[in-house]
Amino acid sequence: MVFDVSFLNRDIISLRDFSREEIDYVLEIAEAMESIAKTGSDMLKGKILATLFFEPSTRTRLSFEVAMQRLGGSTIGFAEAEIASVKKGENLADTVRVVQNYADVIALRHPLEGAARLAAEFADVPVINAGSGAEEHPTQALLDLYTIRKEKNRIDGLNVALVGDLRYGRTVHSLAYALSMYNVKLFLVSPESLRMREEVLRSIKDKIDVEERASVEEIVPEVDVLYVTRIQRERFPDPAEYAKVKGSYKINLEVLKNAKEDLIILHPLPRVDEISAEVDNTPYAKYFQQVWNGIVVRMALLALILGVVK
Ligand code: NCD
């Protein structure tokens, strides 16, 4: 490593805690994991990952588990808080103080903002934020960046649009923080009530060129990366507010008719109705490739944090 930062035992809570050099280094290690992800290895033999998921997940939890297993380690955990002791009233601090005895690293998903940072304060083992309420989802943003770099061979110089629920979508918060470290132009496309969180805007606006827009059609011809998100129904305090914005954006072939030939479309998934199935078979669609990329990025993080890659 050419810079003097160690990932050993490091908590991964927010991409605001990372420098661009550190992010690039994780992406480089992820690339080196591509072949190991297919063949498997015993780099983390004897190490245990605990996945504590207090909120629903398919990809994030499974890909953390696959990442650990491909490196020869093993996993424990729960995917439903209903069956864990939290149901009996145990608080998060106690839960992590118990689990740190069982595992070498913890991946935590929790509905409350700040949950991952709190857990990291109480745990002696490193904590990886696998989604903290509407706040952040740093490992998703790393795999999004990895996908952009893999598909476009660069991140600098690109026009990127984040579309959909920029208020409650945690992946776009982490991704915006990360992209602000690169030389990109960012379009933020959302309904008025779901505009990008003020704190994120404030942090990125003086670093990169940011434009807020309401229509996707008008920005499609200009963008290299279209990052589409689901309206986060479960985070709306009022169902009537959700009803107003439901189905605001539908990316279909008509919307894409003036797109650049080499546009890529990303989505953290799950998708509801914001990208039509007809887009899936176009060369633009890279959202299912992102799933694979999530494995290698998480392998890189586990190997770095547990010190088998320096
Ligand atoms: C996202 C999440 O959980 O924030 N999903 C994921 O981790 N791939 C996006 C979402 O739920 O819409």
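Heads up: the structure comes first, above all this text.
Residues numbered from 1 in each chain as written. Predicted model: local features only at pLDDT ≥ 70, side-chain atom pairs only at ≥ 80, totals over all residues. Heavy atoms only, no water.

J.: Talk me through the layout of surface pockets; I want residue IDs and the actual numbers.
T.: Sizing a probe to match a water molecule and rolling it over the atoms shows the empty space that remains. The space that makes up the largest pocket amounts to roughly 390 Å³. Looking at the largest pocket, it is lined by 20 residues, and the ones nearest its centre are Arg 109, Arg 170, Arg 230, Leu 269 and Pro 270. Of all the secondary-structure elements, those providing two or more residues to the lining of the largest pocket are helix 2 (59-70) and helix 6 (170-179). Of the residues belonging to the lining of the largest pocket, the class tally is four nonpolar, nine polar and seven charged. (1 Å grid on protein atoms, 1.4 Å probe; cavity = no way out; pocket = protein on both sides within 12 Å on 5 of 7 lines; lining within 4 Å. Points joined across faces, edges and corners; volume = space filled by probe spheres on them. Helix = DSSP H or I, 4+ residues; strand = E, 2+ residues; numbered from the N terminus. Nonpolar A, V, L, I, M, F, W, Y, C, P; charged D, E, K, R; others polar.)

J.: Mind laying out the site of the ligand, listing which residues take part and the relevant values?
T.: As a structural note, the neighbourhood of the ligand is formed by Arg 59, Thr 60, Arg 109, His 137, Gln 140, Arg 170, Thr 171, Arg 230, Gln 232, Pro 268, Leu 269 and Pro 270. Notes on the ligand: free accessible area 320 Å², of which the protein chains cover 93%. Judged by the fraction of its atoms near the pocket grid, the ligand is located in the largest pocket. Secondary structure elements with two or more residues in the shell around the ligand: helix 2 and helix 6. (Near = heavy atom within 4 Å. Areas by Shrake-Rupley, 256 points an atom, 1.4 Å probe, with all protein chains shown as cover. Sits in = over half its atoms within 2 Å of the grid points.)

J.: Talk me through a nonpolar patch on the surface; I want residue IDs and the actual numbers.
T.: Residues Ile 76, Val 98 and Tyr 102 make up a contiguous nonpolar surface patch of roughly 260 Å² in combined accessible area. Along the chain, Tyr 102 turns up in the loop between helix 3 (92-99) and strand 3 (105-110). (Patch = residues over 30% accessible without salt bridge, like charges linked within 9 Å, V, L, I, M, F, W, Y side chains within 5 Å. Salt bridge = Lys/Arg side-chain N within 4 Å of Asp/Glu carboxyl O.)

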